[in-house]
Amino acid sequence: MTERTLMHITPLPADHTPEHARELLLPFLLQCINWSHSSPELDGSVIDADDQLAAYIDGWGRDGDIAVIAWDDDDQPVGAAWCRLLSDPPGYGWVADDIPEVSIAVAPDFQAKGAGRQLLHTLCRLAAVSGHPALSLSVSDGNMSKHLYTQLGFSDIGRSGDSDVMLKRL
């Protein structure tokens, strides 16, 4: 049986400034783009130089933005899942202007312990209550997280480069 680590999940409060939200989400966005250990690790300058990547976190607090954070027992963030409407520029897993795209990452010490499942399940519930019809995401070939997405009801609907675009109807 996999050892569970103490943690709790909370929504990102609406009163967070866009700058504070960016500071909180940036390390997890970096994990999203640095998921493969066989590729050179990229730093925050890559996000700053790429409007498509920056769109996942910049200007946080727009209509449709939802985020949940996993905290360890020392109140340190150990994971995040968030969704937002991305159309200009569209995200890597863009499906339609009214379907938010999901980003999710969990700190290495907390992976394979249920944190990602809890984060994504909570995010899906909040998105449904908020009236979103579906959620989409992009998962690169070889990323083992695809198994979790499939278990939680995401289905392949297309390709974007070397990634599958997946959709979950809410």
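Please read these numbers as outputs of a predicted model, since none were measured by experiment.

Student: How would you summarise the pattern of salt bridges if you had to cite specific residues and measurements?
Tutor: According to the stated counting rule, one finds seven salt bridges in the structure shown. Note that Arg 22 and Asp 58 form a salt bridge whose closest N and O atoms lie 2.5 Å from each other. Of the two residues, Arg 22 is situated in helix 1 (residues 18–33) and Asp 58 in the loop between helix 3 (51–54) and strand 2 (66–72); the sequence distance between them amounts to 36 residues. Since its relative accessible area comes to 21%, Arg 22 is described here as partly exposed. By sharing partners, the salt bridges in this structure join Asp 141, Lys 146, Asp 156, Arg 159 and Asp 164 into a single network.

Student: Break down the environment of Leu 86 for me, with residues and values.
Tutor: Topologically, Leu 86 is positioned in the loop between strand 3 (77–84) and strand 4 (101–106). Judged by relative accessible area, Leu 86 falls into the buried class, the value being 4%. Separated by 82 residues in sequence, Leu 86 and Lys 168 place their C-alpha atoms 16 Å apart. Not counting the four nearest positions on each side in its chain, Leu 86 is found in contact with Ala 55, Tyr 56, Arg 62, Gly 91, Trp 94 and Glu 101.

Student: For the pairing of strand 2, give the residues involved together with the corresponding values.
Tutor: For strand 2, the buried fraction is high: seven of the seven residues fall into the buried class. Of the two faces of strand 2, the one holding Ile 66, Val 68, Ala 70 and Asp 72 and the one holding Ala 67, Ile 69 and Trp 71 are both buried throughout. Note that strand 1 (residues 7–11) and strand 2 share five bridges and pair antiparallel. When the sheet's bridge partners are listed, Pro 11 is paired in strand 2 with Val 68. Relative to strand 3, strand 2 is paired through six bridges, and the arrangement is antiparallel. When the bridges of strand 3 are listed, Ile 69 appears paired with Ala 80. Here strand 2 hands over to strand 3 after four residues, with Asp 75 in that stretch at a positive phi of 60 degrees.

Student: Please provide a residue-by-residue account of helix 4 (residues 115–129), values included.
Tutor: Here helix 4 spans 21 Å end to end across 15 residues, near enough to the 21 Å set by a 1.5 Å rise per residue. By the burial criterion, the buried members of helix 4 are Ala 115, Gly 116, Leu 119, Leu 120, Thr 122, Leu 123, Cys 124 and Ala 127. A positive phi of about 95 degrees marks Gly 131, the residue just after helix 4.

Student: How would you summarise the packing of aromatic side chains if you had to cite specific residues and measurements?
Tutor: All chains considered together, the criterion is met by two aromatic pairs. Both rings, one in Tyr 56 and one in Tyr 92, keep their centres 6.4 Å apart while their planes meet at 5 degrees; by these two values the pair is stacked. Of this pair, Tyr 56 sits in the loop between helix 3 and strand 2 while Tyr 92 sits in the loop between strand 3 and strand 4; the two residues are 36 residues apart in sequence, bridging distant segments of the chain. When its relative accessible area of 5% is taken as the criterion, Tyr 56 is described as buried.

Student: An account of unusual backbone geometry is needed here, citing residue identities and associated values.
Tutor: A negative phi angle characterises most non-glycine residues, just as the trans form characterises most peptide bonds. Note that the residue after Asp 88, namely Pro 89, is joined by a cis bond; omega there is 0 degrees. Within the element layout of this structure, Pro 89 appears in the loop between strand 3 and strand 4. One non-glycine residue with positive phi stands out, namely Asp 75, at about 60 degrees. In the Ramachandran plot, Ala 112 falls in the positive-phi region, its phi being about 60 degrees despite a non-glycine side chain. Checked against the element boundaries, Ala 112 lands in the loop between strand 4 and helix 4. The exposed category is assigned to Ala 112, whose relative accessible area is 69%.

Student: Quick one: what's the story with the nonpolar core, residue by residue and with numbers?
Tutor: Counting residues in hydrophobic clusters, the biggest one holds 26 residues, and the most contacted among them are Leu 120, Leu 123, Tyr 149 and Phe 154. Contributing elements (two or more residues each) for this core: strand 2, strand 3, strand 4, helix 4, strand 5 (134–140) and helix 5 (146–151). The element that contributes the greatest number of residues to this core is helix 4, accounting for six residues. The residues contacting Leu 123, other than those within four sequence positions of it, are Ile 66, Val 68, Ala 81, Trp 82, Cys 83 and Val 102. The next biggest cluster of nonpolar side chains, apart from the first, holds 22 residues, and it includes Ala 55, Trp 60, Ala 67 and Ala 105.

Procedures and definitions
Residues numbered from 1 in each chain as written. Predicted model: local features only at pLDDT ≥ 70, side-chain atom pairs only at ≥ 80, totals over all residues. Heavy atoms only, no water. Salt bridge = Lys/Arg side-chain N within 4 Å of Asp/Glu carboxyl O. Helix = DSSP H or I, 4+ residues; strand = E, 2+ residues; numbered from the N terminus. Buried < 20%, exposed > 50% of the residue type's maximum accessible area, 1.4 Å probe, protein only. Contact = heavy atoms within 4.5 Å. Pairing = 2+ DSSP bridges. Expected span 1.5 Å × (residues − 1). Phe/Tyr/Trp six-rings, centres within 6.5 Å; stacked < 30°, edge-to-face > 60°. Core = buried A, V, L, I, M, F, W, Y, C linked by side-chain atoms within 4.5 Å.

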